[in-house]
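Residue-level structure breakdown
Spelled out from the first residue to the last, the chains are:
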Amino acid sequence: MAAAVLTLVSSSSSVFLSRALLLRQSTSPFLRFTIDRQRSLSRGVRMAQTLTTRATLGLTKPAPAEFPQIAFTAKDIDASEWRGDILAVAVSEKDMSKDENSKFENPVLKKLDSQLNGLLAEASAEEDFTGKAGQSTILRLPGLGFKRLGLIGLGQCTASTAYKGLGEAVAATVKTAQATSAAIVLASSEGLSSDSKLNAAYVVASGTILGVHEDSRFKSESKKSSLKSVDILGLGVGPEIEKKLNYANDVCSGVILGKELTNAPANVLTPGVLAEEASKIALEYGDVLKATILNAEQCAELKMGSYLGVAAASANPPHFIHLCYKPPNGEVKAKIAIVGKGLTFDSGGYNIKTGAGCMIEIMKFDMGGAAAVLGAVKAIGQIKPSGVEVHFIVAACENMISGTGMRPGDILTASNGKTIEVNNTDAEGRLTLADALVYACNQGVEKIIDLATLTGACMIALGPSIAGAFTPSDDLAKEFFSASEATGEKFWRMPLEESYWESMKSGIADMVNTGGRAGGAITAALFLKQFVDEKVQWMHIDMAAPVYNEKKRLATGFGVSTLVEWVQKNSS
């Protein structure tokens, strides 16, 4: 069935289709039977091949995923009185200043140093510890209430990125020491506002959880973290901070899901498996989530020729994923959508990825946008924000090479009727997003954010840790960047230069799908803009670089925490 539908949407299938229609109109029952029988056998073979591929390819089955079980508690006690394995003290460069007697001026450090008879000041001087970001020094202290004391550098700032780094440093320390308990205190927390303290607690806890987590599903052996409890000292106590710590736990469960989905290889995570994962989330939080999974035939009925054109070459059929969140009670005051690119593998198609730097070996990460969407779904399902309806949408498929695949020069027709001349089959993500964006607009939403590992151009422009944000709406930009400040994820607003659209015009269709190397990230965003209703506020996130850490060869879960924060800002 999928094979027949995908053939129909191929732009060059008109001759085949005409012949098929003539044969169908023939008065010969034998001819009609033969055609129907061949199609039925073809569908059966393709389905059998897909099931066999999923079951046997590489004989790889992931072990069950494990979420770190850490109890976070806010305590209002002096750091010197804490009892446990590791006391981690976060210090900025300013905190390390000393008086004429080489004594710390910072009250927290001064008290701890006094308890240690000057050992802390002496050790920091010997280790040349100045509080710079990324610096740390650990002292083993037998006979005291805590076995180890760690100084963790924050640098010159106390922003979310620094706090996240603090949590990750603590996680690395406890892994090495196999500690079961830890406490974290900021040397200078007195000057922080109550909101800043809450956000610091949230980001520190998040960094710790994510730092402790290890994706060992595909390893024959792994060393698990022993950390069971973390006390947050000096940032306040009470229901507000406890709520914030629980929120961190919920968000991190989504980030970890996003990481694990992106880490999963393409022989394990097919479009069908991605749809299964989405359905599992909807079942788990069935009180607020509803799943709709469309097959290729249903997508053809919605005229999604752009999306189906990309999917046409793969033995693994496409799955269009739509999860809808509705609050458990109260009036819905805002309707928004989050759309993620869901290419579970991208070969480049007939414009196959070749040569150094093509990154074909890590193209499993081309569904990083979809992973961020599903990670956000999981977190939202737990948090259950009020007043906001959210549509989570992924057009999942593979971009492969076969006799049924789209070719350079083919013309695809998207679900809004616009035609696209394919001048590069490796610019496939925007083709899938085109129909996904039209579908999102049809849900009656007021705002849409799409996330995609879309262009190498954006990676070159912004480097490994910053995503590009494109939007014609200043209000949406302000709202989204406010959310990112709370999470520490980095985005940079990029221009939507309308004059560049000239390079995207086709001689025989409405547009081409690529406009050359110059300004490639901008022309890609302008392409997507053609499929968004003008009344809808829209932002495109090009996250090709920060979604994957090439040094660690691991996914980052980028985007999940900011999406959750953005949804929160749209709730009442």
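See the structure above.
Anyway, here's the lowdown on the structure attached to this text. Residue positions are given per chain, counting from 1 as you read along its sequence in written order. At least 70 in pLDDT is required for a residue's local features to be given in this predicted model, at least 80 for side-chain atom pairs to be given and counted, and no such filter applies to totals for whole chains, interfaces and linings, which use all residues. Based on all heavy atoms of the structure, the side-chain values leave hydrogens and waters out of the count.

Another aspect to go through is the overall build of the protein. A count of helices and strands for the protein gives 17 helices and 19 strands. The proportion of buried residues among the 572 residues of the protein is 54%. Long-range contacts, defined here as pairs at least 24 residues apart, represent 78% of the contacts in the protein between residues at least 6 apart. Per-residue and other accessible areas were derived by the Shrake-Rupley procedure at a 1.4 Å probe size, with only the shown protein chains allowed to occlude residues. Carbon and sulfur atoms provide 52% of the accessible area of the protein, an area that totals close to 24800 Å². In this description a helix means any DSSP run of H or I spanning at least four residues, a strand means any run of E spanning at least two, and both kinds are numbered starting from the N terminus. In this scheme, a residue with accessible area under 20% of its type's maximum is buried, one over 50% is exposed, and one in between is partly exposed, where area comes from a 1.4 Å probe on protein chains only. The contact rule is simple, with two residues in contact once any of their heavy atoms fall within 4.5 Å.

On the surface, a cluster of nonpolar side chains totalling about 270 Å² of accessible area is made up of Y350, I352 and I401. By the secondary structure assignment, Y350 is in the loop between β9 (334–346) and α12 (368–383). The exposure class of Y350 is partly exposed, given its relative accessible area of 40%. To count toward a patch, a residue needs a relative accessible area over 30% and no salt bridge; like charges are then connected within 9 Å, while nonpolar side chains (Val, Leu, Ile, Met, Phe, Trp, Tyr) are connected within 5 Å. When a carboxyl oxygen of Asp or Glu is within 4 Å of a side-chain nitrogen of Lys or Arg, the pair counts as a salt bridge.

Our next topic: the sheet that holds strand β5 (residues 181–186). Only strands that DSSP links by at least two bridges are regarded as paired with each other. Strand order in this open sheet of six strands is β1-β6-β5-β2-β4-β3, and the pairing throughout is mixed. Each edge of the open sheet is held by one strand with a lone partner, namely β1 (71–75) and β3 (136–140). Strand-to-strand twist across the sheet, computed as the mean angle between neighbouring axes with direction ignored, equals 20°. For β5 and strand β6 (residues 229–233), the ladder comprises five bridges, and the chain directions are parallel. Each bridged residue has a counterpart across the sheet, and for A182 the counterpart in β6 is V230. Across the sheet, helix α4 (residues 107–115) touches β2 (84–92), β4 (146–155) and β5, and the angle it forms with β2 is around 140°. Axis definition: a line fitted to C-alpha atoms, limited for helices to the stretch in contact. Angles are taken between N-to-C directions and run from 0 to 180 degrees.

Here the focus is the packing of aromatic side chains. We call Phe, Tyr and Trp rings a pair once their centres come within 6.5 Å, taking the six-membered ring for Trp, and we label the pair stacked below 30 degrees between planes, edge-to-face above 60, and tilted otherwise. All told, the structure shown has eight aromatic pairs when counted by the stated rule. The ring of Y202 carries the charged tip of K244 above its face, separated from the ring centre by 5.5 Å. Remark: a charge is flagged as sitting over a ring if the NZ atom of Lys or the CZ atom of Arg is within 6 Å of the ring centre and within 35 degrees of the ring normal.

A few words now on the pattern of salt bridges. By the definition in use, this model includes 19 salt bridges. Put simply, K111 and D78 hold a salt bridge, and the shortest N to O gap is 3.1 Å. Of the two residues, K111 is situated in helix α4 and D78 in the loop between β1 and β2; the sequence distance between them amounts to 33 residues. For K111, a relative accessible area of 45% translates into the label partly exposed. Overall, D78 belongs to the partly exposed group, its relative accessible area being 27%. We note a salt bridge from K384 to D287, for which the minimum N-O separation is 3.9 Å. One end of the pair, K384, is in the loop between α12 and β10 (388–399); the other, D287, is in the loop between α9 (271–284) and β7 (289–294), and 97 residues separate them in sequence. Assessed through its relative accessible area of 28%, K384 is described here as partly exposed. On the basis of relative accessibility, which here comes to 52%, the residue D287 falls in the exposed class. One connected set of salt bridges, linked through shared partners, spans K341, D366 and E428.

Before going further, it helps to examine the layout of surface pockets. What the largest pocket holds in volume is close to 1400 Å³. What lines the largest pocket is a set of 47 residues, and nearest its centre among them are E168, N549, K552, A555 and T556. Elements that contribute at least two residues to the lining of the largest pocket include exactly α6 (160–177), α7 (194–212), α8 (239–263), β18 (548–549) and β19 (554–555). The classification used treats Ala, Val, Leu, Ile, Met, Phe, Trp, Tyr, Cys and Pro as nonpolar, Asp, Glu, Lys and Arg as charged, and all other residues, Gly among them, as polar. Of the residues in the lining of the largest pocket, the class split is 19 nonpolar, 13 polar and 15 charged. Cavities and pockets were defined on a 1 Å grid built over protein atoms only: a cavity is a set of grid points that admits a 1.4 Å probe from which the probe cannot escape, a pocket is an open set flanked by protein on both sides within 12 Å along at least five of seven lines, and lining residues are those with an atom within 4 Å of any such point. Grid points are joined across faces, edges and corners, and a volume is the space filled by probe spheres set on the points.

All we've got here are geometric facts, nothing functional implied.
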